[in-house]
Amino acid sequence: MNFGTKATEPVIIAVTGASGSCYALRLIQRLAAAGVPLHILLSDAARVVLDQELDLKLPADPAGTAAALAEHVSVEADNIHCYATRDWFSPAASGSAGIRRMIIIPCSMGTLAHIANGASDNLIERAADVMIKERGQLILVPRETPLSAIHLENMLKLARLGVEIIPAMPGFYHRPESLDDIIDFVVDRVLHHIEMPNPAAKKWGMA
């Protein structure tokens, strides 16, 4: 895989209200540390889950949110840009901004359903719609169990459109010794799909 300059191109990271906010923070940490410009969108439910799961209370204003996220994951805030859920003037809202990669992690079934049906009621859904219509790279990391037929049909519909579905289903062949190892397993798969150099990732059949 040729990483080239793609590793430093901007990425939209959207966080929704599904459980698994730890995956989002680890991805933000890894990409920000690598110097990748990040455009971060958080749903109202995501803020609730971050507080519930990680005791992370985020300020309401975008600048304060960016600073709090950067401090929480111990990275510089220079390349982290956050936007309100109704900020239709953000770069994520239009294909003319030229951002070609978006990851929704974790992705709730409600968000997934809206995207699958072309219903853009907030900036996350609009950004995903833009990514599909512009034929950019859209990765969804759904976290739900059990999955209903509706959930599965929506995933299949999006997969047929070229959306990459990477469920938060960690493997255990690498013999994880900590929760961090389990989180990294999922995040490493996402990093691989956006072609980020990641030599520390555990690979099947390789020491």
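Residues numbered from 1 in each chain as written. Predicted model: local features only at pLDDT ≥ 70, side-chain atom pairs only at ≥ 80, totals over all residues. Heavy atoms only, no water.

Caption draft 1: Spotlight on the overall build of the protein chain. Counting its secondary structure elements, the protein chain contains 7 helices and 6 strands. N-terminal to C-terminal, the α/β element order of the protein chain is β-α-β-α-α-β-β-α-α-β-α-β-α. The C-alpha atoms of the protein chain give a radius of gyration of 16 Å, which matches the 17 Å a tight globule of 207 residues would have. The buried share of the protein chain, taken over its 207 residues, is 45%. When contacts within the protein chain are restricted to residue pairs at least 6 apart in sequence, long-range pairs at least 24 apart make up 75% of them. (Helix = DSSP H or I, 4+ residues; strand = E, 2+ residues; numbered from the N terminus. Rg over C-alpha atoms; globule rule 2.2 N^0.38 Å. Buried < 20%, exposed > 50% of the residue type's maximum accessible area, 1.4 Å probe, protein only. Contact = heavy atoms within 4.5 Å.)

Caption draft 2: Just helix H5 (residues 123–133), in detail. Burial in H5 covers these residues: Leu123, Ile124, Glu125, Ala127, Ala128, Val130 and Met131. Looking at the buried positions of H5, the neighbouring elements they touch are strand S1 (11–15), strand S2 (38–42), strand S3 (80–83), strand S4 (101–107), helix H4 (109–116) and strand S5 (137–142). Between the side-chain oxygen at the start of H5 and the backbone nitrogen of Ile124 there is a gap of 3.0 Å, and the oxygen is on Asn122. Where H5 ends, the next residue or the one after it, Arg135, has phi of about 60°, a positive value. (Polar contact = N/O pair within 3.5 Å; in protein donor to acceptor, adjacent residues only side chain to side chain.)

Caption draft 3: The packing of helix H1 (residues 21–33) against helix H7 (residues 179–193), seen in detail. Put simply, H1 and H7 touch, their axes get as near as 9 Å, and they point 60° apart. In terms of orientation, H1 lies oblique with respect to H7. Both H1 and H7 take part in a crossing whose hand is right-handed. The segment H1 lies against H7, with Cys22, Tyr23, Arg26, Leu27, Arg30 and Leu31 engaging Asp180, Ile182, Ile183, Asp184, Val186, Val187, Asp188, Val190 and Leu191. (Axes fitted to C-alpha atoms, helices over the stretch in contact; angles between N-to-C directions. Parallel < 35°, antiparallel > 145°, perpendicular 65-115°, else oblique. Left-handed = near helix turned anticlockwise from the far one by under 90°.)

Caption draft 4: Layout of the sheet that holds S5. Within the open sheet, the 6 strands sit side by side as S3-S2-S1-S4-S5-S6. Their pairing is parallel. At either end of the open sheet lies a strand with only one pairing partner, and these are S3 and strand S6 (164–165). Here S5 runs beside S6; their pairing, made up of 2 bridges, is parallel. Paired with Ile139 across the bridge in S6 is Glu164. The strands touched by H1 are S1, S2, S3 and S4; relative to S4, the strand with the most contacts, the crossing angle is about 150°. Contacting S1, S2, S3, S4 and S5, H5 crosses the sheet at an angle of about 135° to S4. (Pairing = 2+ DSSP bridges.)

Caption draft 5: Structural detail: the pairing of S1. Burial within S1 is extensive, with 5 of its 5 residues counted as buried. By the alternation rule, side chains of S1 split into Val11, Ile13 and Val15 and Ile12 and Ala14, which are all buried. Pairing of S1 with S2, which is carried by 5 bridges, proceeds in the parallel orientation. Opposite Ile12, over in S2, you have His39 as the bridge partner.

Caption draft 6: Main features of the environment of Leu38. Note on placement: Leu38 falls in strand S2. Judged by relative accessible area, which is 0%, Leu38 ranks as buried. When the C-alpha atoms of Leu38 and Ile12 are compared, they prove to be 5.9 Å apart, with 26 residues separating the residues in sequence. Other than its neighbours up to four places away in sequence, Leu38 contacts Val11, Ile13, Ile28, Leu31, Ala32, Asn79, Ile80 and His81.

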